[in-house]
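Descriptive structure summary
Residues per chain, in single letters:
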Amino acid sequence: MSKKAALSLTALSLALGGASVFAQSETAAEGFIEGSTLSLINRNFYFNRDFRDGENATGNGYSEEWAHGLMAFFESGYTQGSVGIGVDAFAMLGLKLDSGSGRSGAGGTVDLLPYNSAGDAEDDFSRVGGP
């Protein structure tokens, strides 16, 4: 490699490296708290199924469930410095609004609510964690 080519490559790498430093300094990074977001999803779900071809496993001709769900998602900003650290977390809550005896369950492979060991729909269920 010639001396002129080596100097050209060095100048090019310094120019490109300096451009990325300037680009980082122009965009002021938000802090851990300032860059954080919290989003809430609020859902209400009613499921009714009519078994026109006969009775289901519970003995009547239909099943129905009504539930409400809340999902919260938190995403923090990143800490200042050369290595930014952030936190993501979620919390979910499901509430049974109505699912009386003998009418809970979708009657197939899909159920709206989880069930306890006695086969009754749970009154509430939740999950908390991070990705």
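Computed from a predicted structure; not experimentally measured. Residue positions are given per chain, counting from 1 as you read along its sequence in written order. Given that this is a predicted model, residues contribute local features only at a pLDDT of at least 70 and side-chain atom pairs are listed and counted only at 80 or more, while totals for whole chains, interfaces and linings are drawn from all residues. As a rule here, side-chain values come from all non-hydrogen atoms in the structure, and water together with hydrogens is ignored.

**Some words on the overall build of the chain**
Put simply, DSSP H or I for four residues or longer makes a helix, DSSP E for two residues or longer makes a strand, and each gets a number counted from the N terminus. When you go through the chain residue by residue, the secondary structure sums to one helix and four strands. For the chain, the sequential pattern of α-helices and β-strands runs α-β-β-β-β. Taken over 131 residues, the chain has a buried fraction of 15%. A separation of at least 24 residues holds for 63% of the contacts in the chain among residues at least 6 apart in sequence. Exposure was quantified through the Shrake-Rupley algorithm and a 1.4 Å probe, taking into account, for residues, occlusion by the shown protein chains and nothing else. Here the chain has roughly 9,700 Å² of accessible surface; of this, 58% comes from carbon and sulfur atoms. Accessibility here uses a 1.4 Å probe with only protein chains present; expressed as a share of the type maximum, an area under 20% marks a residue as buried, one over 50% as exposed, and anything in between as partly exposed. The contact rule is simple, with two residues in contact once any of their heavy atoms fall within 4.5 Å.

**Quick notes on a nonpolar patch on the surface**
Patches were defined on residues exceeding 30% relative accessible area and lacking a salt bridge, with like-charge contacts within 9 Å and nonpolar side-chain contacts (Val, Leu, Ile, Met, Phe, Trp, Tyr) within 5 Å. The salt bridge definition used is simple: a Lys or Arg side-chain nitrogen within 4 Å of an Asp or Glu carboxyl oxygen. A surface patch of nonpolar side chains, amounting to about 430 Å² of accessible area, comprises Tyr46, Trp66, Leu93, Leu95 and Leu97. Tallying contributions element by element places strand 3 (residues 88-98) first for the nonpolar patch, with three residues. Examined against the element boundaries, Leu93 turns out to sit in strand 3. Leu93 sits in the partly exposed class, given a relative accessible area of 34%.

**Some thoughts on the environment of Gly77**
Counting through the fold element by element, Gly77 comes out in the loop between strand 2 (62-75) and strand 3. For Gly77, a relative accessible area of 5% gives the class buried. Note: C-alpha distance between Gly77 and Val87 (10 residues apart in sequence) is 7.7 Å. Residues contacting Gly77, with those up to four places away along its chain left out, are Gly31, Phe32, Gly35, Ser36, Ile85 and Gly86.

**Focus on the pattern of salt bridges**
Should their charged atoms come close, side chains of opposite charge can pair. As enumerated under the stated definition, the model contains one salt bridge in all. The shortest N-O distance in the salt bridge between Lys96 and Asp123 comes to 3.0 Å. Linking Lys96 in strand 3 with Asp123 in the loop between strand 3 and strand 4 (124-129), this pair joins segments that are 27 residues apart in sequence. Given the relative accessible area of 25%, Lys96 is considered partly exposed.

**Examining the confidence of the model for the chain**
Scored from 0 to 100, pLDDT records how confident the predictor is in each individual residue. Mean pLDDT over the chain stands at 75; residues scoring 70 or higher make up 62%. Every residue in residues 19-27 scores below 50 in pLDDT, and together they form zero contacts with partners more than four places removed in sequence or on other chains.

**Considering the sheet that holds strand 1 (residues 37-50)**
In this scheme, strands are said to pair when DSSP sees at least two bridges between them. Taken together, four strands build an open sheet; the order of strands is 1-2-3-4 and the sheet is antiparallel. Where the open sheet ends on each side, the last strands, each with one partner, are strand 1 and strand 4. Direction aside, neighbouring strands of the sheet carry axes that sit 10 degrees apart on average. Each axis is a line fitted through C-alpha atoms, and for a helix only the stretch in contact is used; angles between axes span 0 to 180 degrees, taken between their N-to-C directions.

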